[in-house]
Amino acid sequence: MNKIKAVFCIIIPIALAFLFNTKLGSTPPLLKFLDPFMGFWQNAENNHFMFNHKAKIKGAIDKIEIVFDDRMIPHIFAQNDHDLYLAQGYVTAMHRLWQMDFQTRFAAGRISEVVGDKAIEVDRYQRRMGMVYGAENSLKGMMADPKAKEMILAYTEGINAYIKTLSKANYPLEYKILDFKPENWTPVKCALLLKQMSAVLAMGSDEFYMTNILKKFGPEITKNLFPDYPFREDPIIPVGTKWDFSPLPTPKTPESFTQAQTGEVKTTEKIEGIGSNNWALSGAKTASGYPILANDPHLDLTLPSIWYQIQLHAPGVNTYGVSLPGAPGVIIGFNQKIAWGVTNVAADVLDFYQIKFKDSSHNEYWYNNKWKATTKRLETIKIRGGNDEIDTVYYTHHGPVVYFQKPKYGRADNVPFGDALRWIAHDESNELMTFYYLNRGKNYNDYRKALTFYTAPAQNFVFASVDNDIAITPNGKFPLKWKDQGKFILDGTDPAYDWQGWIPNAQNPTVKNPPRGFVSSANQSSTDTTYPYYINWEFAPYERGKRINDRLSAMSKATLDSIRLMQTDNYSIMAQNLVPALLPLLNNEQLNATQKEALAYLSKWNKRYDAHEIAASVFEIWTKRLSHDIWADEFEVKGIPMRYPSRDRTVEMILKEPNATWYDNINTSKKETLSDLVNEAFKYSCDSLERRFGPINKDWDWANVKQTNVPHLAKIPGFGSKVLQIGGAKTTINALSEANGPSWRMVIELGKTPKGHGVYPGGQSGNPGSKFYDNMIDTWANGRLYDLFYMQSPDDKSGTVISRLKISK
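Residues numbered from 1 in each chain as written. Predicted model: local features only at pLDDT ≥ 70, side-chain atom pairs only at ≥ 80, totals over all residues. Heavy atoms only, no water.

A look at the pattern of salt bridges
As a reminder of what qualifies: Each reported salt bridge corresponds to a side-chain nitrogen of Lys or Arg within 4 Å of a carboxyl oxygen of Asp or Glu. Helix and strand labels come from DSSP, where a helix needs a run of H or I of at least four residues and a strand needs a run of E of at least two; each type is numbered from the N terminus. Exposure classes here rest on a 1.4 Å probe applied to the protein chains alone. A residue is buried below 20% of its type maximum, exposed above 50%, and partly exposed in between.
Following the criterion strictly, the structure yields 38 salt bridges and no others. Among the ionic pairs, R377 bridges to E136, the shortest N-O distance being 3.1 Å. One end of the pair, R377, is in strand 13 (residues 375-381); the other, E136, is in helix 6 (residues 131-143), with 241 residues separating them in the sequence. One salt bridge connects K481 with D348, and the closest N-O pair in it is separated by 3.3 Å. Linking K481 in the loop between strand 17 (470-475) and strand 18 (490-491) with D348 in the loop between strand 9 (338-344) and strand 10 (350-354), this pair joins segments that are 133 residues apart in sequence. Classification of K481 by relative accessible area gives buried; the value is 2%. Each of the salt bridges in this network shares a partner with another, and the network as a whole consists of D101, R105, R110, E113, E183 and K189.

What about helix 12 (residues 444-451)?
Our working rule: Directions are taken from the helix axis to each C-beta atom, and the arc is the one they span. Any pair of residues with heavy atoms lying within 4.5 Å of one another is described as a contacting pair. Think of a polar contact as two N or O atoms within 3.5 Å of one another; within protein, one of them needs to be a possible hydrogen donor and the other a possible acceptor, and neighboring residues in sequence only count if both atoms come from side chains.
Within helix 12, the full set of buried residues consists of Y444, Y447, R448, A450 and L451. Burial along helix 12 is one-sided: seen end-on, the buried residues are contained in an arc of 160 degrees. Summarising the contacts, the buried residues of helix 12 are in contact with helix 11 (432-439), strand 16 (459-465), strand 17 and strand 19 (511-512). Measuring from the side-chain oxygen of the N-cap residue of helix 12 to the backbone nitrogen of N445 gives 3.2 Å; that N-cap residue is N443.

Comments concerning the sheet that holds strand 2 (residues 64-69)
Note the cut-off: Each pair of strands is called paired provided DSSP finds at least two bridges between the two strands. Every axis corresponds to a line fitted to the C-alpha atoms, with the helix fit spanning only the stretch in contact, and the corresponding angles, defined between N-to-C directions, vary from 0 to 180 degrees.
Pairing is mixed in the open sheet, where 11 strands are placed in the order 1-25-2-3-6-7-8-9-16-17-19. The sheet terminates laterally at strand 1 (53-56) and strand 19, the two strands that pair on one side only. Looking at chain direction, strand 8 (residues 332-334) and strand 9 are connected through 2 bridges and run antiparallel. For G333, the partnering residue across the bridge sits in strand 9 and is W340. Where helix 3 (residues 81-108) meets the sheet, its contacts fall on strand 1, strand 2, strand 3 (74-77), strand 6 (308-314), strand 7 (317-323) and strand 25 (801-808), and the angle it forms with strand 6 comes to roughly 160 degrees. Relative to the sheet, helix 12 contacts strand 16, strand 17 and strand 19, its axis offset from that of strand 17 by approximately 5 degrees.

Let's talk about helix 18 (residues 647-656)
Counted residue by residue, helix 18 has 7 buried out of 10 residues, so it is predominantly covered. Along helix 18, the residues classified as buried are D648, R649, T650, V651, E652, M653 and I654. Among the structural elements, helix 10 (207-225), helix 15 (573-582), helix 17 (614-635) and helix 19 (674-693) are those in contact with the buried residues of helix 18.

Below you can see the structure in the form of structure tokens.
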């Protein structure tokens, strides 16, 4: 008996030690996590940031001083470009190391190394989409340019210098929760981060839906319901702008184009919300006589924030704005002479090609009347607690064949089986130089030069200068396509379907100093129909762009407040168009008490998606249900995934085609009318709100229905924000949904001394234990902006400084 007790006395402590030192599911290893000297206690940030610090970095060439203002924003003063980007890498890692590490591991398909085989499909997907392949190609372009090479190597050096200072005790908190550790940074990670941004902005695809629609309904109906240009549009380049170039001839459309077919594939429709606003007013429309520029990129909102504020000062450059943690330079910002911002173009630069393989070995495919060899790329996926997996990806001259069979991963639903992916993000590129030259730009010519380096994701670059020039350019590397090339899945056997050259950069759409006195974009169509090249057939709906242009047209003597209030404008052009058409169709006598009360709210609604608007909640659900009622019976077919016609086409039909056959539900014996659907959808909206919140009360407020919040990047419970009681909707300038919206609001007043104003929903620090983790959220939610401290020297007294870091070699 004594021997048995002795054995238990040995085994039980060992078992407990193993148990509490092992990560179990989402639970971190508790002994490590609770260790007072190594665990999460060490991440409770004290006031050490209030002191001045010194650091030695072996690679530094000269002395560097970093000044932190009262929002912990670093202002770097260096004596040369190398030290500038070295310090940017160092200080960004100091605040955001885990975020940079996690995002690039995700992009590279390496999450299984952290969480085990439950992430294996995530990793396979990233690798099969060619993320690392594209990053490696992009890096070749960067390393071939001496300036870009210096930027990326110095930035990498700075990150690694910071990592070397870390002990286990001061690892960022997420490392302790997920039980892994930082690794050295490499240049390809900078490229991976840029590829991930391309994926976020371009990964959605509609061509599989469209191919199935073409098969089911034929060319005539497809063309009618999915037209190549919207009925209502206020394009980015003003209507009537003349093109002062001789266009290249576009490739001839293959005769077999409309016969392109595919198997029964499922895809994810492009999600509205990956959009943005920007605009610039000339001095003729501002109170100061100098231009004002504004930008608010709409992205998924996260903590830590996707953006990191920074000022970069060295000989030849003094720029302030936001950077992407993991990439050198300022992406959106200003300097003494110019300001710039970006929105997504939504160009069609991602196409799938149907491939005809010789046999099941997939070693050869039919192309240009002969068999052509595929190449193989072996992807080694390391799995925590398991054996490595080697995944073989077959590449054609188009690109990777992503899947041969359906995986068990929802995000892969947008990929057809056996088809090859042609994506601009796989090509060699050097976007860094665009931002290198913008950061140092002095005038319009410098802006135009900077844009020539940019490939993807295509962006609408808005510009303003102290010389009183304003401009906007939908810019990127655009394939020279025949009309509608890529609207449907393409034939991978015929060279006529390949991308056949590029639109010359100088012939990308652009306008400088238009007569109306402003330029703007909201992801809508780049041009009117006179532009001689094909960029895409569908862009973001026009409502945000229309509202922006209406307000800017009416504006004079604009000030900071004029623009700030416009960025948070909640007025809906969609409601303006639809409410007067829908209300008369409601049968008041058939409504119950709650529905009549909801109708009363709608009847006096000001069309604004403000936080406390009950009518906005009713209208939002009502119109979504109405769209479902109109299209679901024809466009939801089991086994044949399709999409609905656009909002623009739906609104056009409601307003001008009262007897369209599409209102009839083909699954019933009755012949439904538009009025029938409008009434059903209205009752559905009221009933669903009543089931959720009870009789009409403040819980029906739009903000409560919408539930805007800022979650943690890895969705770790407790590390996200509270639910924010704020307005806005996807159809308003203030394009806010549940967790997507303005990720950075910026307004720049040009002048002898530029004045910058900005905010994002987060904070500079990535440490949840820091007061700077989420300190800007309430200011952002309330629609206010901070004055940006644009320092002229390290001793600038015009703002508040809380800390300094001096770096020497």
